[in-house]
Amino acid sequence: MKKDKGKGRSRGLSRRAFLGSMALAGGTAVLGHPKKAGGSENFTGYPGSYGMLTDLSLCVGCRSCEKACNEANDLPEPETPFTDSSVFDEERRTTPGVYTVVNRYETPGGKVVYRKIQCNHCMEPACASACPIHAYTKTPEGPVHYNEDLCFGCRYCMIACPFYVPTYDYESALEPKVEKCIMCLGRIRDGLKPACAAACPMGAVTFGRRDDLLKLARQRILRSPDTYVDHIYGEKEAGGLNWLYLSPVPFEQVGFPKDVPMQPPISYAKGFLAAVPSVFVIWPAFFGMLYAAVRHRENHETEKEGAGSEEVRK
Ligand code: SF4
Ligand code: SF4
Ligand code: SF4
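Below: a short report on this structure.

Conventions adopted
- Residues numbered from 1 in each chain as written.
- Chains lettered and ligands numbered in written order.
- Predicted model: local features only at pLDDT ≥ 70, side-chain atom pairs only at ≥ 80, totals over all residues.
- Heavy atoms only, no water.
- Helix = DSSP H or I, 4+ residues; strand = E, 2+ residues; numbered from the N terminus.
- Buried < 20%, exposed > 50% of the residue type's maximum accessible area, 1.4 Å probe, protein only.
- Contact = heavy atoms within 4.5 Å.
- Pairing = 2+ DSSP bridges.
- Near = heavy atom within 4 Å.
- Nonpolar A, V, L, I, M, F, W, Y, C, P; charged D, E, K, R; others polar.
- Salt bridge = Lys/Arg side-chain N within 4 Å of Asp/Glu carboxyl O.
- Axes fitted to C-alpha atoms, helices over the stretch in contact; angles between N-to-C directions.

Concerning the overall build of the protein
The helix and strand inventory of the protein stands at nine helices and nine strands. Counting all 314 residues of the protein, 49% fall into the buried class. Within the protein, counting contacts between residues at least 6 apart in sequence, those at least 24 apart form 67% of the total.

See below:
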């Protein structure tokens, strides 16, 4: 049974109620507001930001990273134990309460390759661009953070993400929310490595500055050209990712999406944005602002009520 990690905050105007309104403006997943990650051609990411490098040639599918992620983020226990390799019989995706999974691939060349998946922390994240209420933030440290207190469940981020990462917690009756890896932002700010990188016994997941990780990845390719395909996935894909990959086999053989453009996805919407009727662009933002205003008023009133009850107790 999934734990409800909600903190019991009052949300008088339910996000579900708002979904009905938002549906009127449907079909505009990437049209929310191109402001934050506006497909700027010269954006090279935050200088000195952190990232991760997953080296698929080193991963042995032990799932220690999944376990560490589960513990570090206080996620519910999995239905299948972390030691049970039967999970590899099917390709898995991340789900609410599961921020990362490892899959096994048998490639046409006969190699068995394991691949860990999670949010890729895009340098210009489509999820953040699509969110009408700025629930996502691209942090200067590198992780793409998500604020569940702001989210009202429109799920535009899920449609916008080229890697199909954000998942929606339908089972949490009181506070359904989007869930995804946040690159252990709290641990990074505390001077620690993300939990999965710290737990990997093979050194298959390396944490560091993105620039250094790119150099490290190039060195590995140069030193062992027979081990790796000559490509660092995430250096350019989707405008660049803070989570990079090396692989011993072509990336499409291990489930990486083939159709991810080299430009940030939002940059492709810019021309379209100029052409669509404004209602498709303005409505999501309008409903977002309205929701925020009502929430703000409710919070204010709740605070006043709280202050009043303090006085009564005196
Ligand atoms: S992988 Fe998807 S969810 Fe993660 S930052 Fe990129 S667009 Fe957002
Ligand atoms: S970075 Fe943190 S949240 Fe993301 S997969 Fe690793 S342990 Fe989980
Ligand atoms: S802990 Fe490391 S070796 Fe084990 S499955 Fe995760 S990435 Fe692979």
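A closer look at the pairing of strand β2 (residues 101–106)
Pairing of β2 with strand β3 (residues 112–117), which is carried by six bridges, proceeds in the antiparallel orientation. Along β3, the bridge assignment pairs Tyr105 with Val113. Hairpin connection of β2 to β3: five residues between the antiparallel strands, including Gly110 at a positive phi of 90 degrees.

Section: the site of ligand 2
Neighbouring ligand 2 are 13 residues; Cys69, Cys181, Met183, Cys184 and Cys196 lie closest to it. Class assignment of the residues belonging to the shell around ligand 2 gives a composition of 10 nonpolar, two polar and one charged.

Brief notes about the pattern of salt bridges
Opposite charge on two side chains makes pairing possible when the charged atoms of those side chains draw close. All chains considered together, the criterion is met by eight salt bridges. Here Arg92 makes a salt bridge to Glu66, at a shortest N to O gap of 2.7 Å. You can see Arg92 sitting in the loop between α2 (64–72) and β2 and its partner Glu66 sitting in helix α2, a full 26 residues away along the chain. For Arg92, a relative accessible area of 19% puts it in the buried group. Here Arg104 and Asp89 are joined by a salt bridge, their closest N and O atoms 3.9 Å apart. Taken together, the positions of Arg104 in strand β2 and Asp89 in the loop between α2 and β2 put the pair 15 residues apart, joining distant regions of the chain. Beyond isolated ion pairs, a larger network of salt bridges with shared partners links Arg63, Glu66 and Arg92.

Observations regarding unusual backbone geometry
Phi angles above zero are rare outside glycine, and His134 is one such case at about 60 degrees. When you line up the elements, His134 lands in the loop between α3 (126–130) and β4 (136–138). In this model, Ala238 sits at a positive phi of 55 degrees, which is unusual for a non-glycine residue. Checked against the element boundaries, Ala238 lands in the loop between α7 (210–223) and β9 (243–246). Exposure remark for Ala238: the relative accessible area of 0% places this residue in the buried category.

Observations regarding the sheet that holds strand β1 (residues 50–55)
Spatially, the three strands line up as an open sheet ordered β8-β1-β9, and their pairing is mixed. Each of the sheet's edge strands pairs with one partner strand only, and the pair in question is β8 (205–209) and β9. Taking each pair of neighbouring strands and ignoring which way they run, the sheet shows an average axis angle of 25 degrees. In this structure, β1 lies alongside β8, joined through five bridges in antiparallel fashion. When the sheet's bridge partners are listed, Thr54 is paired in β8 with Val205. Those strands touched by α7 are β1, β8 and β9, and its axis lies near 130 degrees from that of β8.

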